[in-house]
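# Summary of the model geometry
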Amino acid sequence: MIFGRTERGKPPVEPVTLKILVAGGFGVGKTTLVGAVSEIKPLRTEELLTEAGRPVDDVSGVEGKNTTTVAMDFGRITLREDLVLYLFGTPGQDRFWFLWDELATGALGAVVLADTRRLEDCFAAVDYFERRSIPFVVGVNCFDEAARYPTDAVRQALDLDPGVPVVLCDARDRETVKEVLIRVVQHAMARAADRREALTT
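Below you will find a few notes about this structure.

The rules we used
- Residues numbered from 1 in each chain as written.
- Predicted model: local features only at pLDDT ≥ 70, side-chain atom pairs only at ≥ 80, totals over all residues.
- Heavy atoms only, no water.
- Buried < 20%, exposed > 50% of the residue type's maximum accessible area, 1.4 Å probe, protein only.
- Helix = DSSP H or I, 4+ residues; strand = E, 2+ residues; numbered from the N terminus.
- Pairing = 2+ DSSP bridges.
- Right-handed = clockwise from strand over helix to strand, strands pointing away.
- Phe/Tyr/Trp six-rings, centres within 6.5 Å; stacked < 30°, edge-to-face > 60°.
- Lys NZ or Arg CZ within 6 Å of the ring centre and 35° of its normal.
- 1 Å grid on protein atoms, 1.4 Å probe; cavity = no way out; pocket = protein on both sides within 12 Å on 5 of 7 lines; lining within 4 Å.
- Points joined across faces, edges and corners; volume = space filled by probe spheres on them.
- Nonpolar A, V, L, I, M, F, W, Y, C, P; charged D, E, K, R; others polar.

## What to know about the pairing of strand S6 (residues 136-141)
Counted residue by residue, S6 has six buried out of six residues, so it is predominantly covered. Both faces of S6 are covered, namely the face carrying Phe-136, Val-138 and Val-140 and the face carrying Val-137, Gly-139 and Asn-141. Pairing geometry for strand S5 (residues 109-114) and S6, over five bridges, is parallel. If you follow Leu-113 over to S6, its bridge partner there is Gly-139. For the handedness criterion, the β-α-β arrangement of S5, helix H3 (residues 123-131) and S6 is classed as right-handed. With four bridges connecting them, S6 and strand S7 (residues 166-169) associate as parallel partners. If you follow Val-138 over to S7, its bridge partner there is Val-166. With helix H4 (residues 151-158) bridging S6 and the parallel S7, this β-α-β connection has right-handed handedness.

Given below as structure tokens:
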């Protein structure tokens, strides 16, 4: 099946749509990730960084960055004919965090994108999803100039629960991003199954 069309004689498939958040620190690659995998032209709310914003926007480590997301990024990917993911990229700066609660409403799960050169920048996102019991996967964005670390080392540095998946990826590469999104769906479904089992025992 091609999205929106079915083979002759077969009933149309009504896909299940799931909402996934993409979060993380400023300049970690959230907009790039959504754009790499979206099958539609992504909705972006980027604005130029200005001199007025320099006192509040920490560009340490991302000095070449000249735009920032001020509301959200939005994209869509069909994983199977019956499963569509809607991706919502969150703004990374502290001053836009008030938008996160709106974006998180109804989310199945989240990707916390991490840069090993500035790992502390994703602590807030990890804390946000842990406090709200929203299942999440940490995607380590392997920048060309960044050192590579084993996933267990990243897990330890972020003090993650053993059950939280940590996945290496390249936010520019569609196939590795798809793997991260599949892990989010699998992790969220496993968490939901565990909760159901706990209620029946």
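## Looking at the packing of aromatic side chains
Within this structure, the stated rule accounts for six aromatic pairs. With a centroid separation of 5.3 Å and 90 degrees between ring planes, the pair formed by Tyr-128 and Phe-129 is classed as edge-to-face. By relative accessible area, which is 0% here, Phe-129 ends up buried. Relative to Phe-136, the ring of Phe-129 lies with its centre 6.2 Å away and its plane at 35 degrees, an arrangement referred to as tilted. Like Phe-129, the residue Phe-136 is buried in the burial classification. One aromatic cluster is present, built from ring pairs that chain together Trp-100, Tyr-128, Phe-129 and Phe-136. When the ring centre of Phe-88 is taken as reference, the NZ or CZ atom of Lys-19 above it lies at 4.9 Å.

## Structural notes on empty space enclosed by the protein
A complete count under the given rule lists one cavity of 30 Å³ or more for this structure. Along its surface, the largest cavity is lined by Thr-116, Val-140, Asn-141, Cys-142, Ala-146, Ala-147, Arg-148, Tyr-149 and Leu-168. Its residues assigned to classes, the lining of the largest cavity comprises six nonpolar, two polar and one charged.

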